[in-house]
Amino acid sequence: MEEDYTKEEILSDTIPGEPVPRGRKQKEIPRSRRKGTPRQAVPRRRERRERGGFPLAAVFMALVIGVMSGLGGGYYLWGWERLNTVDLKAVEVPDWVEQDFIRKNIFSRPDVGRSQVNNIVIHYVANPGSTAAENRDYFDSLADQDPEAGGTSASSHFVVGLEGEVIQCIPVDEIAYANAPRNDDTISIEVCHPDDSGQFNEASYDSAVRLSAWLCRQLKLDSGDLLRHYDINGKQCPKYYVEHEEAWKQFKSDVDQAIREL
């Protein structure tokens, strides 16, 4: 009975079981190719996975999460700046806001421009019973100080009065001296209050909520971007809303509702 040989075995000039000529190495026949031995079928794809392959779906998900984290959450997690998509010079205030800009000067309106706003900061005026106009005039009066002698620096973009009136003191595309060290990317709102507790009355509270909501909509922000002066540098301002955390949470919730109604 003749033996079955492969083409390679025939070309090798050697036959299994016979002596190999000197200087030539006999080719070993794989077990799976020897006559009478069945070939073991192992799916190649599964074998690769068992050897450490990585599912493509997992790779895809990792890429998606990485991109989302970098572009969407980078600002919050690592301090990256959010994309600037608002032209601050084009922001026009509604008719219920009175524009009465203070004079340009080194103490309260330094005429320093900026192109981006990341937060809105709430203050209390710390002068019980004072009006929005009186606080606006105080900021303007700082221009009369002697630049050589130095003096007080303070201002705000907006002041909300006891009767709900709103005065804009500085354009939103300029910095104000209110939120150091974050003057360069924040808007400040000073709110009048009737007594030493620092709690806003109903009229000033409602206008502060309305103004905050309008600014959020214009600047593509939300209530999560509202801060107290306290959150910037630890100052007890706005006093009542630092001492009463639940009142601050309610303020932000009311701004959320106002944004939805715009």
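Structure shown above.
So, here is what we can say about the structure in this document. (Residues numbered from 1 in each chain as written. Predicted model: local features only at pLDDT ≥ 70, side-chain atom pairs only at ≥ 80, totals over all residues. Heavy atoms only, no water.)

1. A word on the packing of helix α6 (residues 202-219) against helix α9 (residues 245-261)
Argument step 1. For the pair α6 and α9, the least separation of the axes is 8 Å and the interaxial angle reads 55 degrees. Of the possible angle classes, the one that applies to α6 and α9 is oblique. Here α6 and α9 pass one another in a crossing that is right-handed. Between α6 and α9, the contacting residues are Tyr205, Ala208, Val209, Ser212, Ala213, Cys216 and Arg217 on the first element and Gln250, Phe251, Asp254, Val255, Ala258 and Ile259 on the second.
Argument step 2. For the contact of α6 with α9, the class distribution of residues is nine nonpolar, two polar and two charged. (Axes fitted to C-alpha atoms, helices over the stretch in contact; angles between N-to-C directions. Helix = DSSP H or I, 4+ residues; strand = E, 2+ residues; numbered from the N terminus. Parallel < 35°, antiparallel > 145°, perpendicular 65-115°, else oblique. Left-handed = near helix turned anticlockwise from the far one by under 90°. Contact = heavy atoms within 4.5 Å. Nonpolar A, V, L, I, M, F, W, Y, C, P; charged D, E, K, R; others polar.)

2. With respect to the side chain of aspartate 185
Argument step 1. By secondary structure assignment, the location of aspartate 185 is in the loop between β4 (166-168) and β5 (186-191).
Argument step 2. Judged by its relative accessible area of 12%, aspartate 185 falls in the buried class.
Argument step 3. A polar contact of 2.8 Å, which involves the side chain of aspartate 185, links it to the side chain of arginine 182.
Argument step 4. Not counting residues up to four positions away in its chain, the partners in contact with aspartate 185 are Arg114, Gln116, Val117, Asn118 and Asn119. (Buried < 20%, exposed > 50% of the residue type's maximum accessible area, 1.4 Å probe, protein only. Polar contact = N/O pair within 3.5 Å; in protein donor to acceptor, adjacent residues only side chain to side chain.)

3. A look at the sheet that holds β4
Argument step 1. With mixed pairing, six strands are arranged side by side in an open sheet as β1-β4-β3-β5-β2-β6. Each end of this open sheet is capped by a strand with a single partner; those strands are β1 (97-99) and β6 (226-228). Strand after strand, the sheet turns through a mean of 25 degrees between neighbouring axes, direction not considered.
Argument step 2. Together, β3 (158-160), β4 and β5 form the strand contacts of helix α5 (residues 132-141), whose direction differs from that of β3 by roughly 150 degrees. (Pairing = 2+ DSSP bridges.)

4. Description of the environment of lysine 104
Argument step 1. Residue placement: lysine 104 occurs in the loop between β1 and β2 (119-124).
Argument step 2. Relative accessible area serves as the criterion here: at 51%, lysine 104 is assigned to the exposed category.
Argument step 3. Considered as a pair, lysine 104 and alanine 143 are 39 residues apart in the sequence and their alpha carbons are 7.5 Å apart.
Argument step 4. Once residues lying within four places of it in the same chain are set aside, the contact partners of lysine 104 are Arg109, Asp111 and Glu174.

5. A few points about the nonpolar core
Argument step 1. With 36 residues, the main nonpolar core has Phe158, Ile189, Leu211, Leu215, Leu219 and Phe251 as its most contacted residues.
Argument step 2. Those elements that place two or more of their residues in this core are β2, β3, β5, α6, α8 (239-243) and α9.
Argument step 3. Per-element accounting of this core gives the leading share, nine residues, to α6.
Argument step 4. If near-sequence neighbours (up to four positions away) are discounted, leucine 211 is found in contact with Trp96, Val97, Phe158, Val160, Val166 and Ile189.
Argument step 5. With 13 residues, the next largest nonpolar core counts Phe107, Phe139, Ile170 and Ala176 among its residues. (Core = buried A, V, L, I, M, F, W, Y, C linked by side-chain atoms within 4.5 Å.)

6. Some thoughts on unusual backbone geometry
Argument step 1. Each neighbour pair has its own omega, and for alanine 180 with proline 181 the value is 5 degrees, a cis peptide bond.
Argument step 2. Note that proline 181 resides in the loop between β4 and β5.
Argument step 3. One non-glycine residue, alanine 126, lies in positive phi territory at about 60 degrees.
Argument step 4. Along the chain, alanine 126 falls in the loop between β2 and α5.
Argument step 5. Note on alanine 126: relative accessible area 48%, which makes it partly exposed.
Argument step 6. A positive phi angle, near 60 degrees, is found at lysine 220, a position not held by glycine.
Argument step 7. Mapped onto the elements of the fold, lysine 220 is located in the loop between α6 and β6.

7. Topic: the environment of aspartate 140
Argument step 1. By the secondary structure assignment, aspartate 140 is in helix α5.
Argument step 2. Here aspartate 140 falls in the buried class, since its relative accessible area comes to 13%.

8. Quick look at the packing of aromatic side chains
Argument step 1. The final tally for this structure, using the stated rule, is five aromatic pairs.
Argument step 2. Ring plane angle 90 degrees and centroid distance 5.5 Å describe the contact between tyrosine 205 and phenylalanine 251, whose orientation is recorded as edge-to-face. Here phenylalanine 251 lies in helix α9 and tyrosine 205 lies in helix α6, a separation of 46 residues in the sequence. For the pair formed by tyrosine 205 and phenylalanine 251, the shared burial category is buried.
Argument step 3. Measuring from ring centre to ring centre gives 5.1 Å for tyrosine 240 and tyrosine 241, while their planes differ by 75 degrees; the resulting arrangement is edge-to-face.
Argument step 4. Look at tyrosine 240 and you get buried, because its relative accessible area is 17%.
Argument step 5. Under the relative-accessibility criterion, tyrosine 241 is labelled buried at 3%.
Argument step 6. Three or more aromatic residues joined by ring pairs form one cluster here, namely Phe200, Tyr240 and Tyr241.
Argument step 7. One residue, arginine 210, lies across the ring of tryptophan 96, its end atom 4.1 Å from the ring centre. (Phe/Tyr/Trp six-rings, centres within 6.5 Å; stacked < 30°, edge-to-face > 60°. Lys NZ or Arg CZ within 6 Å of the ring centre and 35° of its normal.)

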